Structures are given as C-alpha cells and as structure tokens.
Amino acid sequence: MAGLIKNLRVTQTGSGSRTLQEAHRRSMDFFREACRALPAIMDRYNLQEVTTLADLRSKIAAEFRKHSKVSNLKVVDMLVFKGQEELQYCVDHSKQRHHLLGQYIIGKEGLAGDVHKLGETDHGESEFLKNFYRGNN
C-alpha cells in the first residue's frame, strides 16, 4: 500500500498570487504550457481524425477569454489550478478519448446543433415513409 501512495503525484497549489500582474503571468504561463502539450495529447488520444491542433488551441483560448474579466486573485489562482489539474489528467491519460471529445471537441451543446427539430431530420427514408410519418403525427 505504501508503494502506491509513493507513486501518486499530487498537483501542488503553491502560494497564491500577490498581485493581479502575477496572476496574469501565471495564467499566461499555464496557457503556453497547455498549448505546448497539445501535440502530445493529440497523438496520445488519436484526435487528428476529428479535429486540428488549431481548433484545440482556439478552444483553450476561448476558455481563457471567457474568464478574462475575473479580477479576484483567489478565483484566478483557483482557475489556473483547476486548469493545471485538467491538463495533468489529459497528459497522464487519466481521461478516456470520449471524455475529451465530449468536453472539448463536440462541446456542451452536443451534436444537437446539427438537428433542427426532432422528427425533421432526413435519415434517407423514402418519400412514402416521410408522408406516412407526417400523416401519423
């Protein structure tokens, strides 16, 4: 049991940022670290077939832009810590491929963005079946 605990890596929180400039520097350092790790993550999870490196970088940049108005130092430090933890999970292969696809490639809206209305999608049915389904609603 002690051997398992010895090999466990824990993300260190360190001391908090003292100024907003230091918090900004830490967040930019983390952004660069995440962008440098993307090629290895794409290889590890075989993501080349579903997205490009530029798309993933823009997703990361969008997350940073979403939180750009945060001025509370503790919140900025917490966001950087959570981002580092998430990056570590991806690098250590603690997540499965479908987790990354759902969170970063497909997004929260899912594939439903392609479907306009339920029952109005074209599944390649014949005109007869389309008229039949429309008549029974």
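Residues numbered from 1 in each chain as written. Predicted model: local features only at pLDDT ≥ 70, side-chain atom pairs only at ≥ 80, totals over all residues. Heavy atoms only, no water.

Engineer: What exactly am I supposed to notice about the side chain of Lys95 here?
Structural biologist: Locating Lys95 in the fold gives a position in the loop between helix 4 (73-91) and helix 5 (97-106). Accessibility expressed as a relative area gives 11% for Lys95, which makes it buried. Within the structure, Lys95 has its side chain in polar contact with the side chain of Gln103 (distance 2.9 Å). Apart from residues no more than four positions distant in its own chain, Lys95 is found in contact with Tyr45, Glu86, Tyr89, Cys90, Leu100 and Gln103. (Helix = DSSP H or I, 4+ residues; strand = E, 2+ residues; numbered from the N terminus. Buried < 20%, exposed > 50% of the residue type's maximum accessible area, 1.4 Å probe, protein only. Polar contact = N/O pair within 3.5 Å; in protein donor to acceptor, adjacent residues only side chain to side chain. Contact = heavy atoms within 4.5 Å.)

Engineer: Looking at this model, I keep getting lost on the pattern of salt bridges. Mind explaining?
Structural biologist: Two side chains with opposite charge may pair up if their charged atoms get near one another. Counting across every chain of the model gives six salt bridges. The closest approach of N and O atoms between Arg97 and Glu49, which form a salt bridge, is 2.8 Å. Here the residue Arg97 occupies a position in helix 5, and Glu49 occupies one in the loop between helix 2 (20-45) and helix 3 (53-66), the gap between them amounting to 48 residues. For Arg97, a relative accessible area of 28% translates into the label partly exposed. What you see here is one network of salt bridges that share partners, running through Arg25, Asp29 and Arg32. (Salt bridge = Lys/Arg side-chain N within 4 Å of Asp/Glu carboxyl O.)

Distances and angles like these do not, on their own, reveal function.
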